[in-house]
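# Structural description and commentary
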Amino acid sequence: MQVPAGTFRSAVRQSTAQFSRWSTCQFQQPQQHIHAKHSRAVTKGSHKAFMPVQSSRWYSSHSHKADEAIKNARNIGIIAHIDAGKTTTTERMLHYAGFTRRIGDVDSGDTIMDYMKQERERGITITSAAITFGWKDHRINLIDTPGHVDFTIEVERSIRVLDGAVTILDAVAGVEAQTETVWQQAARQGIPRIAFVNKMDRAGAGFGRTVREMRTRLGCRPVVLQIPLMESLQGTNDTQFNGVVDVLTMEVLRWDSDSKGAKLVRLPLDSTYPDQEVYQEAVKARVALVEQISALDENIIELFLTLEDHMAIEAKDLQAAIRRLTLSSTIVPVLCGASFRNIGVQPLMDSVVDYLPSPEERPAALGRMTDGKTVEIGSGGPKERLCALAFKVVHDARRGPMVFVRVYAGQLNERAQLWNSSTHTKERANKLLQMYAMDVEEIPHITKGNIGVVLGLKDTRTGDTLLDAHDPRKGLALSGIKVPSPVFFASIEPMSTSDEKPVEEAIKALIREDPSLGMRVDEETGQTLLGGMGELHLEVAKERLVSDFKVKAEMGRMRISFKETMRGAGVVSEVPAWEYDREILGKRGRAKVGVTVERLEKFEDQGEENSPESSNSSSMIESRKKNKKGSTDANLHMGPEEYDGNEIIVSLAEQSPSTDEAGALVAAEKAAASGIVIPTGSTDLPIPVLRTSIKNGILSALSRGPLLGYAQTHLKVRLTDLHLFGGESTPAAISNCVAAAVTEAIRLGGNPSTGDSENNSVLLEPIMDVRVEVAEKDVGTVIGDISGTRRGRVLSLGQDDDSATHQDEDEIEFQLYAPPDSTYTGSGSANSPGGSSSSTSAVGTMSDRRSIRAQVPLSSMLGYDAALRALTGGTGKFAMEVIGYGEMDFDRQRDLIKEMRGG
């Protein structure tokens with residue numbers, strides 16, 4: 001009998017994992033560890049058993065008890081600024097868990113998580129990679145995310161489905177600009193986090209400084225669970241990072257370099273320890289920890305009042321309190337280490353198990369029905385129907401689209417029929433896979449709370465909700481995923497006519513995989529334009545088109561993606577009656593509509609395209625509730641829907657059953673007074689079809705502006721009248737009529753006397769939130785460059801006002817502890833004159849480096865990296881992200897139009 005190839009590969013992988021575990025790790029009986037003063041002493045030099053008894057790969061199909069599997073599952077993400085050590089830390093996790101025999105190296109390009117060719121060439125993470133492994137009888141579903149701002153969509157959609165996150169910080173750089181961005185992304189989803197201060201072995205590392213910056217710049221309550229063990233080098237005044245001090249158990253942790261960190265030695269830390277400075281600082285840290293937790297947890301304050309000794313409270317009691325406070329996002333546990341030197345990774349993995357939540361400990365997911373009602377998902381027990389969210393799509397040449405899903409309720413089975421409530425289409429799950437970065441394992445089902453991959457889904461995209469095909473709740477939708485709009489674009493030119501179709505199909509597949517990319521066709525030149533979040537983003541996209549999709553194409557010069565809108569906030573332009581009457585291929589199409597277009601007052605972030613989480617979600621629900629009264633199922637009284645920053649209002653009702661035309665007109669006038677349109681004339685088309693046709697016409701008109709053909713934004717479009725002509729009023733005729741009417745209203749711009757598009761419309765340019773970190777001596781030069789040459793507006797310098805306010809209000813109940821920094825020599829160091837002390841003193845920031853925050857047009861930031869290096873002698877750093885769009889001044893708009901049109 002022939003053994004299936006998949007079974008053979010699985011057996012080989014499991015055998016390799018078993019060999020890996022026994023060849024690199026020592027397993028010993030675990031020991032009870034609490035403070036040596038109140039328990040039996042820990043044997044000096046003993047090896048602690050951090051490894052689980054069984055560390056083979058975990059599959060959903062191997063779960064014997066669903067409740068137990070959920071309880072012991074952790075869905076976590078690794079988030080950080082670029083080059084903080086995310087992938088390096090993940091590779092160590094996989095090695096110590098027995099998943100790999102050797103540790104991958106980013107510089108060598110042989111890591112498990114960075115498997116794409118583009119990632120290995122550049123040494124950075126470009127796409128988020130998922131992997132599942134076991135640790136201490138727990139299943140850990142881990143997603144390693146990129147740190148580069150161009151790939152922020154990868155972080156956004158990963159955090160959407162995770163239950164917890166590990167934030168990695170560079171001990172030398174501290175809290176960096178992209179650290180703040182990913183921190184805010186996690187905060188928006190209410191994700192509990194733990195922090196790992198990495199690179200403690202580097203010169204200039206500052207653990208205490210980084211903890212203080214977490215307080216001031218991230219606005220959180222950092223609680224130090226470990227302090228670095230810095231020991232003097234013999235014969236010098238320098239110090240070296242050799243391990244960590246566990247404040248909970250009062251032990252010194254050292255790693256064996258010969259075993260690549262697999263062997264860990266725990267030594268008791270008490271008054272007999274040779275280095276009394278280490279002991280005294282650990283006592284300060286333990287006292288601060290107990291006081292911090294006591295101020296926030298009633299159980300610990302009761303224990304403290306009973307024992308009256310900070311050192312007498314057992315580690316297990318503190319761990320339970322820390323877990324409660326972390327799950328509620330009240331505190332952020334802070335650990336330290338040096339992943340590249342294999343120090344500190346196992347305690348970090350323990351903290352993932354000990355302090356981050358299981359899926360059942362997170363609040364129930366919320367779904368929205370078509371009538372606006374909100375329902376809880378996943379709280380109905382084991383018999384609840386399937387509900388899953390597609391959060392990522394990957395194109396595979398052999399397997400086709402691979403859709404990553406998180407199951408929130410029920411169980412997703414192989415060959416199951418599914419209903420996509422976002423696209424209203426049926427799908428079939430042909431195969432289910434468990435992902436191990438680029439490797440896969442076929443599984444029979446994905447249980448509640450877990451993450452897996454589905455093959456065979458044809459129409460499912462990022463943010464779609466998947467239900468059981470027999471579920472009566474056809475309109476149930478989970479909250480979507482925020483997708484930013486592209487801010488750069490470049491032309492994609494096929495090498496020959498025969499390459500046009502393959503290039504178009506490849507771009508569509510790439511956009512399905514990465515929704516932050518965009519494509520449009522310039523009607524004047526016929527060029528295909530590919531939009532993205534930055535130069536690196538488009539460069540990688542072009543490389544993938546050539547290498548992964550095997551198409552022949554060239555990319556043109558990079559340009560900024562502008563937008564258009566009507567000039568003047570609050571301007572209303574109305575076309576009360578626009579008739580479309582045209583014959584196409586011998587068939588007559590006819591319709592008559594009325595529309596109004598209004599310029600919205602303020603510009604906001606344009607990044608929530610078609611997302612159910614948009615800022616108008618509540619108003620949509622309220623509007624639907626108001627309009628629901630007295631309506632029938634055939635009527636669609638919809639509130640505003642948001643599309644790329646535009647509001648579309650199409651409220652339709654069926655014609656009243658009146659015996660004469662006069663009665664119908666009266667009914668239509670009454671409906672119009674309440675914002676509802678009753679179609680006049682005659683038609684056999686149902687209301688939902690009419691509404692879809694109207695919406696398509698509006699979106700068609702908004703996709704191209706009158707100035708340079710850029711997409712239009714921040715307009716409110718409302719249907720005011722609809723007259724139909726029986727069979728001649730086809731859906732295509734209605735869409736064309738509406739598109740022409742909206743285009744005319746925008747051209748008029750509320751000023752019928754001119755109808756000049758260049759005077760009535762305005763170009764909008766992307767505005768960037770820029771954060772620059774420079775030395776004190778360079779602040780004046782950099783600010784002058786931003787506010788002068790680059791037309792920017794400086795918002796703050798140094799400490800963020802919001803963080804300061806938060807700190808003042810919270811300082812009464814939470815006193816920060818940050819140990820001294822023996823390796824950091826800046827004036828913000830606790831060891832330097834005027835530096836912060838190691839105890840609960842006021843929070844300070846680095847005084848030798850300043851953080852500048854400004855809003856600057858994107859067009860002025862091109863080439864800023866090189867300019868900043870020149871201004872600061874190579875010491876300045878910056879990061880930026882799109883926050884919205886701003887109006888371009890008239891002279892600059894005129895020059896840009898002349899340049900683009902070649903005039």
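For clarity, every value in this text was computed on a predicted model and none was experimentally measured.

Enumeration according to the criterion identifies five cavities of 30 Å³ or more in this entry. Elements with a contribution of two residues or more to the lining of the largest cavity: helix H5 (152-161), helix H12 (500-513) and helix H13 (535-547). Broken down by class, the residue content of the lining of the largest cavity amounts to seven nonpolar, two polar and six charged.

What follows is about the side chain of Thr-462. Residue placement: Thr-462 occurs in the loop between strand S23 (451-455) and strand S24 (465-468). With a relative accessible area of 16%, Thr-462 lands in the buried category. Side chain to side chain, Thr-462 and Arg-157 meet in a polar contact 3.1 Å long. The contact partners of Thr-462, leaving out residues within four places of it in the chain, are Arg-157, Ala-390, Phe-391, Lys-392, Val-393, Ile-481, Arg-512 and Pro-515.

Moving on, we get to the environment of Leu-348. Within the secondary structure, Leu-348 sits in helix H11 (residues 345-355). Since its relative accessible area comes to 0%, Leu-348 is described here as buried. A C-alpha to C-alpha distance of 8.9 Å links Leu-348 and Gly-337, two positions 11 residues apart in sequence. Apart from residues lying up to four places away in sequence, Leu-348 is in contact with Thr-89, Met-93, Val-166, Ile-194, Phe-196 and Leu-335.

A few words now on the sheet that holds strand S13 (residues 365-368). Pairing within the open sheet is antiparallel, and its three strands lie in the order S14-S13-S25. Of all the strands in the sheet, the pair left with one neighbour each is strand S14 (374-377) and strand S25 (477-478).

Time to look at the side chain of Gln-434. Mapped onto the elements, Gln-434 comes out in strand S20 (residues 431-436). A relative accessible area of 1% places Gln-434 in the buried class.

Here a ring pair, both rings aromatic, is described through the centre-centre distance and the interplanar angle of the planes. Scanning all chains against the criterion turns up five aromatic pairs. Between Tyr-864 and Phe-878, the aromatic rings sit 5.0 Å apart at their centres with planes inclined by 85°, giving edge-to-face as the arrangement. Taken together, the residues Tyr-864 in helix H21 (residues 864-872) and Phe-878 in strand S43 (residues 877-887) connect sequence positions 14 residues apart. According to the relative accessible area criterion, Tyr-864 is buried, its value standing at 1%.

In this section: the layout of surface pockets. Estimates place the volume of the second largest pocket at around 1,200 Å³. Surrounding the second largest pocket, 48 residues form its lining, Val-149, Asp-150, Ala-879, Met-880 and Glu-881 being those nearest its centre. Among the elements of the structure, H5, helix H6 (177-188), H13, strand S40 (761-775), H21 and S43 are those that each provide at least two residues to the lining of the second largest pocket. Residue contributions to the lining of the second largest pocket peak at eight residues, all from S43. Looking at the lining of the second largest pocket residue by residue, the classes come out as 20 nonpolar, 14 polar and 14 charged.

When you line up the elements, Ala-338 lands in the loop between strand S12 (332-336) and H11. Taking the relative accessible area as the measure of exposure, Ala-338 reaches 1% and is therefore buried. Taking the C-alpha atoms as reference points, Ala-338 and Asp-170, separated by 168 residues in sequence, lie 9.7 Å from one another. Apart from residues lying up to four places away in sequence, Ala-338 is in contact with Phe-196, Asn-198, Lys-199, Met-200, Asp-201, Phe-241 and Ile-343.

This next bit is on the nonpolar core. Counting residues in hydrophobic clusters, the biggest one holds 91 residues, and the most contacted among them are Phe-133, Leu-142, Val-166, Met-214, Leu-269, Leu-289 and Ile-293. Looking at which element gives the most residues to this core, the answer is helix H8 (residues 276-294), with nine residues. For Leu-289, the contacting residues outside a window of four places in its chain are Val-223, Val-224, Leu-225, Val-247, Leu-248, Leu-318 and Ile-322. Membership of the second largest hydrophobic core comes to 48 residues, among which are Phe-489, Val-774, Val-782 and Leu-896.

Scored by pLDDT, the chain comes out at a mean of 80, with 80% of its residues at no less than 70. Under a pLDDT of 50 for its full length, residues 60-67 has, in the predicted model, 12 contacts with residues more than four places off or in other chains. Confidence drops under a pLDDT of 50 for residues 799-807, and excluding neighbours within four residues, the segment shows 12 contacts in the predicted structure.

Here we take up unusual backbone geometry. Positive phi, normally seen in glycine, also occurs at Met-250, with a value near 55°. Relative to the helices and strands, Met-250 resides in the loop between strand S9 (239-246) and strand S10 (251-255). Positive phi outside glycine occurs at Ser-329, with the angle close to 60°. Summarising the element assignment, Ser-329 is placed in the loop between helix H10 (315-327) and S12. Exposure remark for Ser-329: the relative accessible area of 36% places this residue in the partly exposed category.

The terminal C-alpha atoms of helix H16 (residues 687-702) lie 23 Å apart, and with 16 residues this matches the ideal 22 Å at 1.5 Å per residue to within 8%. Taken as a whole, H16 has its buried residues at Ile-687, Leu-690, Arg-691, Ser-693, Ile-694, Lys-695, Gly-697, Ile-698, Ala-701 and Leu-702.

As a further point, take the pattern of salt bridges. Between side chains of opposite charge, pairing is possible as soon as their charged atoms come close. By the definition in use, this model includes 40 salt bridges. Here Glu-773 makes a salt bridge to Arg-217, at a shortest N to O gap of 2.9 Å. Highlighted residues: Glu-773 in strand S40 and Arg-217 in helix H7 (residues 207-217), separated in sequence by 556 residues. Using a relative accessible area of 18% as the deciding quantity, one classes Arg-217 as buried.

Taken residue by residue, a regular strand's side chains alternate between the two faces of the sheet. Within strand S28 (residues 528-532), four of the five residues are buried, which leaves it mostly tucked inside the rest of the structure. Pairing of strand S26 (residues 488-494) with S28 involves five bridges; the strand directions are antiparallel. Across the sheet, the residue bridging to Phe-488 is Gly-532, located in S28. In this sheet, S28 lies alongside strand S27 (residues 518-521) in antiparallel orientation, the contact comprising four bridges.

So, about the packing of H8 against H10. The geometry of H8 relative to H10 is characterised by a closest axis approach of 11 Å and an angle of 50° between their N-to-C directions. Accordingly, the angle class assigned to the pair H8 and H10 is oblique. In this structure, H8 crosses over H10, and the sense of that crossing is left-handed. From H8, Arg-286, Leu-289, Val-290 and Ile-293 reach across to H10, where they touch Ala-315, Leu-318, Ala-321, Ile-322 and Leu-325. Its residues placed into classes, the contact of H8 with H10 shows eight nonpolar, no polar and one charged.

Right, let's get into the packing of helix H19 (residues 779-789) against H21. Between two packed helices, both the angle of their axes relative to each other and the distance between the axes serve to describe the pair. Two numbers describe how H19 lies on H21: the axes approach to 10 Å, and their chain directions differ by 145°. As for how H19 packs across H21, the hand of that crossing is right-handed. Residues Thr-781, Val-782, Asp-785 and Ile-786 of H19 form the contact with H21, whose own contacting residues are Tyr-864, Leu-868, Leu-871 and Thr-872.

Looking now at the environment of Lys-542. Tracing the backbone shows Lys-542 in helix H13. Sequence separation of Lys-542 and Leu-530 is 12 residues, and the distance between their C-alpha atoms is 9.3 Å. Look past the residues within four positions of Lys-542 in its chain and what remains in contact with it is Ala-553 and Met-555.

Scoring rules and cut-offs
Residues numbered from 1 in each chain as written. Predicted model: local features only at pLDDT ≥ 70, side-chain atom pairs only at ≥ 80, totals over all residues. Heavy atoms only, no water. 1 Å grid on protein atoms, 1.4 Å probe; cavity = no way out; pocket = protein on both sides within 12 Å on 5 of 7 lines; lining within 4 Å. Points joined across faces, edges and corners; volume = space filled by probe spheres on them. Helix = DSSP H or I, 4+ residues; strand = E, 2+ residues; numbered from the N terminus. Nonpolar A, V, L, I, M, F, W, Y, C, P; charged D, E, K, R; others polar. Buried < 20%, exposed > 50% of the residue type's maximum accessible area, 1.4 Å probe, protein only. Polar contact = N/O pair within 3.5 Å; in protein donor to acceptor, adjacent residues only side chain to side chain. Contact = heavy atoms within 4.5 Å. Pairing = 2+ DSSP bridges. Phe/Tyr/Trp six-rings, centres within 6.5 Å; stacked < 30°, edge-to-face > 60°. Core = buried A, V, L, I, M, F, W, Y, C linked by side-chain atoms within 4.5 Å. pLDDT = per-residue confidence, 0-100. Expected span 1.5 Å × (residues − 1). Salt bridge = Lys/Arg side-chain N within 4 Å of Asp/Glu carboxyl O. Axes fitted to C-alpha atoms, helices over the stretch in contact; angles between N-to-C directions. Parallel < 35°, antiparallel > 145°, perpendicular 65-115°, else oblique. Left-handed = near helix turned anticlockwise from the far one by under 90°.

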